[in-house]
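# Structural description and commentary
These are the residues of each chain, in order.
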Amino acid sequence: MSATRALPRIGYAPWGETLDELVAAGRAAREAGADTLWAAELHRSATITAAALAPVAGPARVGTAVALAFVRSPLTTALEALDLDELSAGRFVLGLGSGVRRLNEDWHHADFDPPVRRLRETVACVRAFTAACADGATIEAGGEVTGFRIRGYRRPFPPVRARIPVHLAAVGPVMTRLAGEIADGWIGHELGSPAHLKDTVLPGLAEGHARRASTPAASRPDSGPAPGHGLDGFEVTASACCAIDPDPRRAHRLAAGGLGFYASVRTYGPLFAEHGLEAAQQRVLEEFRSAGARADRLGHVVDPAMTRALTLTGTPDEVARRLTEYAAVADSVKLGPPVHGLEPGEIRAAQAAVIALIKEVRA
């Protein structure tokens, strides 16, 4: 296997049936060449997982991809970010996302509306607190939806960094523009493609990035060197479900459960439509409704065109080649194994194949 063209930086979101197994996978990915270990929030807490990964990260960064922004108070989020930055020796990235309405309101009994303003004010609160928590002065931030006014507080130990990078997950156009305007980076959904990033995401990020001069200072990220996409001081992280097997048909089967899971949610309709997959998504939706199937058990009705378009799926050589296609549009790619609809042994084997790919392309 060889990947002769340029590669983006590679991060990894480890999986484990136990936290010990997850941490061991994170260590293996870092030793293979991953430069960031990412912690998701669905079956585990993102912040607790990030804390478990920090001791094995070595020189790699540790990040949440993503922590749900609305189910914690802004103060709790800021305190957890400070602790994680300490545990990782100043290499923590706070990845935040709004999640969808059902997740917030039904699962967490948390307020969701208006999500864009709520996320903007949450980020402002986190930045204000981490910058001033050791000073003893009144800290006031936020706005109409969320915020705080903290008096008589002084954190008795200084933060490792007063400015912790905040990256925002965004799928829709308004949230994407917000990420470009106020965040230090953007984190993509695990379904996507280089073409989607180039044609849809980057223009939205650029539009938001152009608004920074009018953004209040407390909400603006620090400036930095300009990456290849031209967004100064901004990191673009694509995400990809990665299913590798010498038999492309088996690779499709591994990834199909995740495609079925997301295709059952209408929110992702525009992404499927952009790739000419409206009819394929509709077949999944019809199966989901008529059969009463679990959302993670819909892989049998997923068209192979869906996995080819929206995941990194195929033989090791095919996936290595397709990974290079992100180099022109992203600073880094966060890889993760397929998990939906699979048994632990299948996920374990799929994870080993992804880590082996990282080692091979980084060799």
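All figures in this text were calculated on a predicted structure; none of them were measured in a lab.

Glancing now at the overall build of the protein. In terms of regular secondary structure, the protein is built from 13 helices and twelve strands. Here the protein has a C-alpha radius of gyration of 20 Å; the compact-globule value for 363 residues is 21 Å, and the two agree. With respect to the three principal axes, the spread of C-alpha positions in the protein is 60 × 45 × 40 Å. Counting all 363 residues of the protein, 54% fall into the buried class. Residue pairs in contact within the protein that sit at least 24 positions apart in sequence constitute 72% of those at least 6 positions apart. A total accessible area of about 15400 Å² is found for the protein, and carbon and sulfur atoms account for 53% of it.

Taken together, the four bridges between strand β6 (residues 139–142) and strand β7 (residues 147–150) define a ladder with antiparallel strand orientation. When the bridges of β7 are listed, Glu 140 appears paired with Arg 149. The antiparallel pairing of β6 with β7 creates a hairpin that spans four residues between the two strands.

Here Thr 315 shows up in the loop between β11 (312–314) and α12 (316–324). Judged by its relative accessible area of 17%, Thr 315 is buried. The residues contacting Thr 315, other than those within four sequence positions of it, are Ile 244, Asp 245, Pro 246 and Pro 248.

Conventions we followed
Sequence order as written defines residue numbering, which begins from 1 separately in each chain. In view of the model being predicted, local features appear only for residues whose pLDDT reaches at least 70, and side-chain atom pairs are presented and counted only at 80 or more, with totals across whole chains, interfaces and linings using the full set of residues. Only hydrogens and water are removed before side-chain values are computed, so all heavy atoms of the structure are retained for them. The numbering of helices and of strands both runs from the N terminus, where a helix is a DSSP run of H or I of at least 4 residues and a strand a run of E of at least 2. Computation of the radius of gyration draws on C-alpha atoms, with the globule rule given as 2.2 Å multiplied by the number of residues to the power 0.38. When a residue's accessible area, from a 1.4 Å probe over protein chains only, is under 20% of the maximum for its type it is buried; when over 50% it is exposed; and in between it is partly exposed. In this analysis, two residues are considered to be in contact whenever any of their non-hydrogen atoms come within 4.5 Å of each other. Computed by Shrake-Rupley with a 1.4 Å probe, the accessible areas treat only the displayed protein chains as cover when residues are assessed. Being paired, for any two strands, means DSSP has found at least two bridges between them.

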